[in-house]
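Listed below are the residues making up each chain.
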Amino acid sequence: MTSIRTLTRDIVQGSLGFALVSLVAFSVWAFGGKFFKMFGGQPLMYAAIAVVFLALSGLVLGSLAGGIGRFYKAFVPAFFLYSVLWCAAWFGLGGRTGEWLGAAIGCLGFTWVAMKILGSTRHWLVAAVLLFVLHTAGYFAGDWALHDVWLSPLHLDELSRADRAQAAIIGKLCWGLFYGLGFGAGIGCVFHRARVGA
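Rules used throughout
Residues numbered from 1 in each chain as written. Predicted model: local features only at pLDDT ≥ 70, side-chain atom pairs only at ≥ 80, totals over all residues. Heavy atoms only, no water. Helix = DSSP H or I, 4+ residues; strand = E, 2+ residues; numbered from the N terminus. Buried < 20%, exposed > 50% of the residue type's maximum accessible area, 1.4 Å probe, protein only. Contact = heavy atoms within 4.5 Å. Areas by Shrake-Rupley, 256 points an atom, 1.4 Å probe, with all protein chains shown as cover. Lys, Arg positive; Asp, Glu negative; His and termini not counted. Charge placed at Lys NZ, Arg CZ, Asp CG, Glu CD. Phe/Tyr/Trp six-rings, centres within 6.5 Å; stacked < 30°, edge-to-face > 60°. Core = buried A, V, L, I, M, F, W, Y, C linked by side-chain atoms within 4.5 Å. Expected span 1.5 Å × (residues − 1). Bend = angle between axes of the 7 residues up to and from the residue. pLDDT = per-residue confidence, 0-100. Disulfide = S-S within 2.5 Å. Axes fitted to C-alpha atoms, helices over the stretch in contact; angles between N-to-C directions. Parallel < 35°, antiparallel > 145°, perpendicular 65-115°, else oblique. Left-handed = near helix turned anticlockwise from the far one by under 90°. Nonpolar A, V, L, I, M, F, W, Y, C, P; charged D, E, K, R; others polar.

**Considerations on the overall build of the protein**
Inference 1: A count of helical and extended segments in the protein gives seven helices and zero strands.
Inference 2: If you list the helices and strands of the protein from N to C, you get α-α-α-α-α-α-α.
Inference 3: By principal-axis analysis of the C-alpha atoms, the protein measures approximately 55 × 35 × 25 Å.
Inference 4: Here the protein, with 198 residues, has 45% of them falling under the buried criterion.
Inference 5: Contacts in the protein between residues at least 24 apart in sequence constitute 73% of all its contacts with a sequence separation of at least 6.
Inference 6: Per element, the accessible surface of the protein, about 9,800 Å² overall, is 72% carbon and sulfur.
Inference 7: For the protein, the distance from the average site of its 14 positive side-chain charges to the average site of its 7 negative ones is 19 Å.

Next comes the structure, spelled out in structure tokens:
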């Protein structure tokens, strides 16, 4: 008996599954940041994080597309394009402008490519807007958790040097959690929309 794939189910699976993958991916930054400062810098670190996302996402989100192979067929090029567009905006403009522009063009590109490969671009712009809203909410909630909670000057003043390093790790992992929850919910929407529109 085939289970019914509802929008709610796809959003929950996308959110929780991608949050798990995101925690692993952001661990590269949290625990390997010093290594990448010495070898390759931010571009190599972002590439390593992208590889983790690409490698692990299908294992927990494959059923969103009806199977791991079909998921990877759509997700790998869509996420690769998202990563390239986001990084181009971030490295090109930096700051909030780069983050917002990267999120906007990255989500548009991700949605178009994923839905095109899955066989339906019907209402793709609606799906892209939903992805952008959910992704960006998760991204900036994570940014808030790192900079305004764990690394806030008031919090850091109370901590020893070792505790500050630990706070930075926890903050980075919190960012990964929130980013994964938001982006994953959006991915669930995109894959659901492609499936029901086909």
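**A closer look at the packing of aromatic side chains**
Inference 1: In total, this model carries 31 aromatic pairs according to the counting rule given.
Inference 2: A ring pair is formed by Phe 26 and Tyr 179, whose centres lie 5.6 Å apart and whose planes are at 45 degrees; its orientation type is tilted. With Phe 26 in helix α1 (residues 7–38) and Tyr 179 in helix α7 (residues 161–197), this pair connects stretches of sequence that are 153 residues apart.
Inference 3: A residue is classified by how much of its surface remains accessible, and Tyr 179, at 5% relative accessible area, is buried.
Inference 4: Considering the side-chain rings of Trp 29 and Trp 175, the 5.6 Å spacing of their centres and the 70 degrees angle between planes classify their relative orientation as edge-to-face. Residue Trp 29 is found in helix α1, and its partner Trp 175 is found in helix α7; the two are separated by 146 residues along the sequence.

**Description of the nonpolar core**
Inference 1: If you look at the biggest cluster of nonpolar residues, it comprises 41 residues, and the most contacted ones within it are Phe 79, Phe 110 and Phe 191.
Inference 2: Here this core gets eight residues from one element, more than from any other, and that element is helix α3 (residues 68–93).

**Comments concerning the environment of Ala 19**
Inference 1: In this fold, Ala 19 is placed in helix α1.
Inference 2: On the basis of relative accessibility, which here comes to 4%, the residue Ala 19 falls in the buried class.
Inference 3: The spacing of Ala 19 and Ala 185 is 166 residues in sequence and 9.3 Å in space, taken between C-alpha atoms.
Inference 4: When sequence neighbours within four positions are dropped, the list of residues in contact with Ala 19 reads Gly 14, Leu 177, Gly 180 and Leu 181.

**Overview of α1**
Inference 1: With 32 residues, α1 should reach 46 Å at 1.5 Å per residue; the first-to-last C-alpha distance of 44 Å fits that figure.
Inference 2: At Gly 32, α1 is bent by approximately 80 degrees, the largest bend along its length.
Inference 3: In the segment just after α1, Gly 40 is the residue with positive phi, at about 95 degrees.

**Thoughts on unusual backbone geometry**
Inference 1: Phi at His 123 is positive, roughly 60 degrees, even though this residue is not glycine.
Inference 2: His 123 gets classed as partly exposed once you look at its relative accessible area, which sits at 43%.

**Some thoughts on the confidence of the model for the protein**
Inference 1: Residues of the protein with pLDDT of at least 70 account for 95%, and the chain-wide mean is 89.
Inference 2: When mean pLDDT is taken per element in the protein, helix α4 (residues 95–118) scores highest with 95 and helix α6 (residues 153–157) scores lowest with 67.

**Section: the state of the cysteines**
Inference 1: Per the stated rule, a full pass over the model turns up zero disulfides.
Inference 2: Here Cys 87 stays unpaired: no disulfide links it, and the sulfur of Cys 107, its closest cysteine neighbor, is 13 Å away.
Inference 3: Between Cys 107, a free cysteine, and Cys 189, which holds the nearest cysteine sulfur, the sulfur-to-sulfur gap is 11 Å.
Inference 4: Look at Cys 107 and you get buried, because its relative accessible area is 1%.

**Quick look at the packing of α4 against helix α5 (residues 124–150)**
Inference 1: Running from amino to carboxyl end, α4 crosses α5 at an angle of 140 degrees, the nearest separation of the two axes being 9 Å. The angle between the axes of α4 and α5 places the two elements in the oblique class. When the axes of α4 and α5 are compared, the crossing they make is right-handed. Together, Arg 96, Glu 99, Trp 100, Ala 103, Ala 104, Cys 107, Leu 108, Phe 110, Thr 111, Trp 112 and Met 115 of α4 and Trp 124, Leu 125, Ala 127, Ala 128, Leu 131, Phe 132, His 135, Thr 136, Tyr 139, Phe 140 and Asp 143 of α5 make up the contact between the two elements.
Inference 2: Taken together, the residues of the contact of α4 with α5 sort by class into 16 nonpolar, three polar and three charged.

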